[in-house]
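# Structural description and commentary
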Amino acid sequence: MADDSDLVAQVLRNGGARLASYGLVLTGSPHDAEELVQAAIVKTFVKRRRLRDAAAAEAYVRATMRTLYIDGLRRERTWGRLIPSMVRTAHLPDSSAELAGHDRVARALAELPRQVRTAVALRYYDDLTVADIAHRMNLSEGTVKKYLQDGRTRLAPLLGLSTEEAEHATVTEGRAR
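Take Met137: it is sitting in helix α7 (residues 130-137). Assessed through its relative accessible area of 3%, Met137 is described here as buried. Distance in space between the C-alpha atoms of Met137 and Asp71 is 8.6 Å, their sequence separation being 66 residues. Other than its neighbours up to four places away in sequence, Met137 contacts Ile70, Arg74, Arg77, Gln115, Thr118, Ala119 and Leu122.

Below is the structure:
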């Protein structure tokens, strides 16, 4: 068990900021992102898994975060459909003021509807295909394409991009000095 404790500490020390950022992209809320990271850490390490190193463990935690978040969306959608009289219609206060100090990408993502933000996160942060996103979100590929287009259309002006630009930016290596 000491090995698991050391591995958890190493994952949080080396990848905690990346996991928190990923959680923020998925949820749009720093508080919800923190809860998601914690839930994924617990779910990952409650069972003894054969994780080779901290990088493999971080990747597993990240995949667990994605699964937990999407399962939560499905659960909300199901309960909202089955028991509409019991579902609260009041929304949590807008957290955009809380995010004002964060970078413009986080603020722009927070403005997207939850389903659109999830599709954008899975496509551009996890680099999943449209088919993979459709499968994970339990949607048709056409709906996913619509969400991605809506997200791109809404994000482009906020981020100073053209909607006509290529989907991926060219990555170049820096010169050794």
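For the pair α7 and helix α8 (residues 141-159), interaxial distance at closest approach is 9 Å and the crossing angle is 105°. Taken together, α7 and α8 sit at an angle that is classed as roughly perpendicular. For the pair formed by α7 and α8, the contact residues are Val130, Ala131, Ile133 and Ala134 on the first element and Glu141, Val144, Lys145 and Leu148 on the second. For the contact of α7 with α8, a count of residues per class yields six nonpolar, no polar and two charged.

Membership of the largest hydrophobic core comes to 38 residues, with the highest contact counts inside it found for Val11, Phe45 and Met65. Within the residue set of this core, elements represented by two or more residues are α1 (2-27), α2 (30-45), α3 (54-82), α5 (104-110), α6 (114-125), α7 and α8. Leaving out residues up to four positions away in the same chain, Met65 has contacts with Leu19, Tyr22, Gly23, Leu26, Leu36, Val37 and Ala40.

Let us now look at the side chain of Thr27. Structurally, Thr27 is set in helix α1. A polar contact of 3.1 Å, which involves the side chain of Thr27, links it to the backbone oxygen of Ser29. Looking at Thr27, its side chain comes within polar contact range of the main-chain nitrogen of Ala33, at 3.4 Å.

Rules behind the numbers
- Residues numbered from 1 in each chain as written.
- Predicted model: local features only at pLDDT ≥ 70, side-chain atom pairs only at ≥ 80, totals over all residues.
- Heavy atoms only, no water.
- Helix = DSSP H or I, 4+ residues; strand = E, 2+ residues; numbered from the N terminus.
- Buried < 20%, exposed > 50% of the residue type's maximum accessible area, 1.4 Å probe, protein only.
- Contact = heavy atoms within 4.5 Å.
- Axes fitted to C-alpha atoms, helices over the stretch in contact; angles between N-to-C directions.
- Parallel < 35°, antiparallel > 145°, perpendicular 65-115°, else oblique.
- Nonpolar A, V, L, I, M, F, W, Y, C, P; charged D, E, K, R; others polar.
- Core = buried A, V, L, I, M, F, W, Y, C linked by side-chain atoms within 4.5 Å.
- Polar contact = N/O pair within 3.5 Å; in protein donor to acceptor, adjacent residues only side chain to side chain.

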